[in-house]
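The residues making up each chain are set out below.
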Amino acid sequence: MGRRLGAALVPLAAGAALAITTAAAYAIAATMTARTVVTPVRRWKQDVVIRSIAPDLSTVTLSGAADSLHVNGRYGLWFSGDRGYALVGDVLSDDGDSVVRAVDEVRWGDLAVARQGRITGWYFTSPEELGLPVHSVDIAVDDGSAPAWLFPGAERSAHWAIHVHGRGARRQETLRAIPAFHRHGYTSLAISYRNDTDAPDSDDRRYGLGATEWHDVDAAIAYALAHGAEDIVLVGWSMGGAIVLQTAVRSPRADRVRAIMLDSPVINWFETLEFQADEMRLPQPVTRGALALLDSTWANTIVGQRAPVGLASLDFTMRANELTVPVLLMHSDDDGYVPSGSSRRLAELRPDIVTFVPFVSAKHTKLWNYDAERWNAAIDGWLDGLDSVGVRSGA
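Residues numbered from 1 in each chain as written. Predicted model: local features only at pLDDT ≥ 70, side-chain atom pairs only at ≥ 80, totals over all residues. Heavy atoms only, no water.

Account for the packing of helix α5 (residues 269–279) against helix α6 (residues 284–294), with residues named and values stated.
It is at 10 Å that the axes of α5 and α6 come closest, and there the two elements cross at 145°. Remark: the crossing between α5 and α6 carries right-handed chirality. Of the residues in α6, those touching α5 at F270, L273, E274, A277 and D278 are Q284, T287, L291 and L294. Partitioned by chemical class, the residues of the contact of α5 with α6 number 5 nonpolar, 2 polar and 2 charged. (Axes fitted to C-alpha atoms, helices over the stretch in contact; angles between N-to-C directions. Helix = DSSP H or I, 4+ residues; strand = E, 2+ residues; numbered from the N terminus. Left-handed = near helix turned anticlockwise from the far one by under 90°. Contact = heavy atoms within 4.5 Å. Nonpolar A, V, L, I, M, F, W, Y, C, P; charged D, E, K, R; others polar.)

Structural data, given as structure tokens:
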């Protein structure tokens, strides 16, 4: 009897050991995932292979995993470890694996010897490239000062726009929107915020996914109001959208926010993080564990953050009723990083204030790159609408 019982316990013990090992592996993976979500991006993946370049540098043949590799439009091509930069145009040929794109200009670096790179939607890398008056200013924030680019509007306009970039990006990402607002007389501030390599780091050197960064946007609003602004349009890209939405409901100066424009925004972090986890084929227990860690006070030391993120408070499909100003929302259904479902849901919940402009195949934060004419027309029409009714917060 004792031998038979012992024999029977062997597979049970092995199964228990396997379960413990599996649970431990899931816990480690969940911790790494949570830390990745809130750790600032300092290095970008070189996910494009440069197969060949025409002798006259008129075309380049590319392959790789870049999301917009096969999508028409105009983009920036960083190459040779970001030591070179070129502007590329439409796809001239596509065999399903590699594409041939037009090279519009090589800004710097030797493209002829490049072998790897990455495609960016930034396109413009410095404010001077827009051909508009601009100067650099510093905005007082919690831990010092954050640099910003100030584009004066016509005749000292009282209408200002504050442009907020996304996760792992910098101010250059927002430059594509500046000319549209300038045409309507707006003064624009393209700002930096904590942990983006331009502004001071936070104490914990971790993203708050909007829950902390909004303080820096609020500081930018204070700067604008002190320099002649009467009302503000907040413009957010990707995670910048989450930051802008937090600003609109939490800032003590929210009554000066006139309207909100969002490009490929994070409306709901639960949806976004679950989507990205699925794309990486992470097991469900890992995903659930990572989300729990981000929201748990006891896990702050493990994740490295000063306080829980509070993911539910960042979900504007649940907080849609708190928005009070007009919103222009543009998102592509093939985004690949931030799914468009929550953007569509917000538009359905608040048709009274949300103007939703859907794209089908423009990828993430590259709507301007894919179809600048349509993108600019949407902004022009929306701003015309604001001006025609004299929209102000609370009106």
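Residue-level account of the nonpolar core, with values.
Counting 65 residues, the largest nonpolar core has I162 and L189 as the members making the most contacts within it. For this core, the leading source of residues is helix α3 (residues 214–226), giving 7 residues. Not counting residues within four places of it along the chain, the set of residues in contact with I162 comprises L189, I191, V217, A220, I221, I232, V233, L234 and V235. Counting residues in hydrophobic clusters, the runner-up holds 38 residues, among them Y85, W122, A190 and A378. (Core = buried A, V, L, I, M, F, W, Y, C linked by side-chain atoms within 4.5 Å. Buried < 20%, exposed > 50% of the residue type's maximum accessible area, 1.4 Å probe, protein only.)

Which residues make up the environment of A320, and what values do they have?
Position of A320 among the secondary structure elements: in the loop between α7 (300–303) and β13 (327–332). Sequence-wise, A320 and E373 are 53 residues apart; in three dimensions their C-alpha atoms are separated by 30 Å. Residues contacting A320, with those up to four places away along its chain left out, are L346, L349 and R350.

So what about the sheet that holds strand β6 (residues 116–120)? Which residues, and what values?
The 6 strands are arranged β1-β2-β5-β4-β3-β6 in a closed barrel whose pairing can be described as antiparallel. Recorded for the sheet is a direction-independent mean angle of 45° between the axes of neighbouring strands. (Pairing = 2+ DSSP bridges.)

Provide a residue-level description of the pairing of strand β10 (residues 187–191), including the pertinent values.
Look at any regular strand and the pattern is simple: side chains alternate between the two faces of the sheet. Of all 5 residues in β10, 5 are buried; the element is thus mostly enclosed. Going residue by residue along β10, you find T187, L189 and I191 tucked away on one face and S188 and A190 tucked away on the opposite face as well.

Don't take any of this as a statement about function, it's just geometry.
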